[in-house]
Amino acid sequence: MALWFLWSLLLWEASSAQVHGQVGGSVLLVAERPSGFQVREAIWRSLWPSEELLATFFRGTPETLYRSRFLGRAQLHSNLSLELQPLESGDSGNFSVLLVDTGGRSRTQVLQLKVYDVVPRPVVQVFIAVPGETQPPKTCQVFLSCWAPNISDITYSWRREGTIDFGMEPSDLFTDGQVLRASLGPGDKSTTYSCIVSNPVSWDLATVTPWESCNHEAAPGNSSYKDVLLVVVPISLLLTLAGLLSAWHSCYSGKKQKDVCNDRVTPETENPLV
């Protein structure tokens, strides 16, 4: 019995068809009928994550008013295909339709529904690489980082302005395509790069002109984050040290010692003989 059940599951997975849907949209689960198959009855069910009766067709009458999570969102069409709308992220799962013809023959079809979120517009950041000894003069090497917030199951790709296929080297892509390394020269002042994020139901893109960041980094009077750290950190340390020295001097300077430091002397450090 267990072996038969396992074999049924394997056949089920092998024969199931995948259907993609978008959150807030609609999806049509098509009931395929063989040629000459005259349907007498049809039963739609949700199989996973829970088994529920969704719609039936008996004696020419469709019925969808069953207490399931799709109540009010399911519609059975005249061709016995089931439409679900509006879709929610929790609607992903397996569905089956049982068709019975006028001669008593039956046919079962399994469909796997996957509901995806709509892809939001990605965010692209430009990071300037520190020039190396081997870097040609008047060039700028950048790392373009692309990120789509609060989304999963997406694919990242890059496109350069004026080309159909960017032809990027695999060594220039990092973290599954989220980061792109590019070397720019004076001829790339107006060159733009687009990061495209997509899933099976939607896509969006964001475009940047990285040479502008190179100019900003190298422009006179504009400090990079390294310059800021080199100035701010030593000054902060000097101010902190000056404050400590001032407090120590006040605490141990003649007559002010007792008045200023009285609250800082603990019982353990007081001299009991005084």
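Since this is a predicted model, take the numbers as computed values, not measurements.

> Honestly, the packing of aromatic side chains in this entry has me stumped. Any pointers?
The geometry of two aromatic rings is summed up by the distance between their centres and the angle between their planes. Scanning the entire structure with this criterion turns up two aromatic pairs. Here the aromatic rings of Phe-143 and Phe-174 are separated by 6.2 Å at their centres, their planes lie at 50 degrees, and the arrangement is tilted. You can see Phe-143 sitting in strand β11 (residues 140–147) and its partner Phe-174 sitting in strand β13 (residues 173–174), a full 31 residues away along the chain. Taking the relative accessible area as the measure of exposure, Phe-143 reaches 27% and is therefore partly exposed. Positioned above the aromatic ring of Tyr-116 is the side chain of Lys-114, whose terminal nitrogen or guanidinium carbon lies 5.6 Å from the ring centre.

> Sorry, what's going on with the pairing of strand β16 (residues 202–208) here?
Burial along β16 is one-sided: the face carrying Ser-202, Asp-204, Ala-206 and Val-208 is buried and the face carrying Trp-203, Leu-205 and Thr-207 is not. By the bridge criterion, seven bridges tie strand β15 (residues 193–199) to β16 in an arrangement that is antiparallel. Across the sheet, Val-197 pairs through a bridge with Asp-204, a residue of β16. Following β15, the chain reverses through two residues before pairing antiparallel with β16.

> Would you mind showing me how to read the state of the cysteines here?
Covalent bonding between the sulfur atoms of two cysteines defines a disulfide. Applying the stated criterion across every chain, the model contains two disulfides. Here Cys-140 pairs with Cys-214 through a disulfide, and the sulfurs are 2.0 Å apart. Here Cys-140 and Cys-214 share a disulfide; its torsion about the S-S bond, -80 degrees, makes the bridge left-handed. Of this pair, Cys-140 sits in strand β11 while Cys-214 is found in helix α2 (residues 211–218), placing the two residues 74 residues apart along the sequence. Between the sulfur atoms of Cys-146 and its disulfide mate Cys-195 the distance is 1.9 Å. Its torsion about the S-S bond being -85 degrees, the disulfide of Cys-146 and Cys-195 is classed as left-handed. Within this pair, whereas Cys-146 is found in strand β11, its partner Cys-195 is found in strand β15, the two being separated by 49 residues in sequence. Each member of the pair, Cys-146 as well as Cys-195, carries the same accessibility label: buried.

> Honestly, the sheet that holds β11 in this entry has me stumped. Any pointers?
One key point about sheets: their strands pair by backbone hydrogen bonds, in either a parallel or an antiparallel sense. Reading across the sheet, the four strands line up as β10-β11-β14-β13 and stay open at both edges, with antiparallel pairing between neighbours. Edge positions in the sheet fall to β10 (123–128) and β13, since each has one partner strand and no second. Pairing of β11 with strand β14 (residues 179–184), which is carried by six bridges, proceeds in the antiparallel orientation. Of the residues in β14, the one forming a bridge with Cys-140 is Leu-184.

Rules and cut-offs
- Residues numbered from 1 in each chain as written.
- Predicted model: local features only at pLDDT ≥ 70, side-chain atom pairs only at ≥ 80, totals over all residues.
- Heavy atoms only, no water.
- Phe/Tyr/Trp six-rings, centres within 6.5 Å; stacked < 30°, edge-to-face > 60°.
- Helix = DSSP H or I, 4+ residues; strand = E, 2+ residues; numbered from the N terminus.
- Buried < 20%, exposed > 50% of the residue type's maximum accessible area, 1.4 Å probe, protein only.
- Lys NZ or Arg CZ within 6 Å of the ring centre and 35° of its normal.
- Pairing = 2+ DSSP bridges.
- Disulfide = S-S within 2.5 Å.

Note that all results are geometric; they support no functional claim without further evidence.
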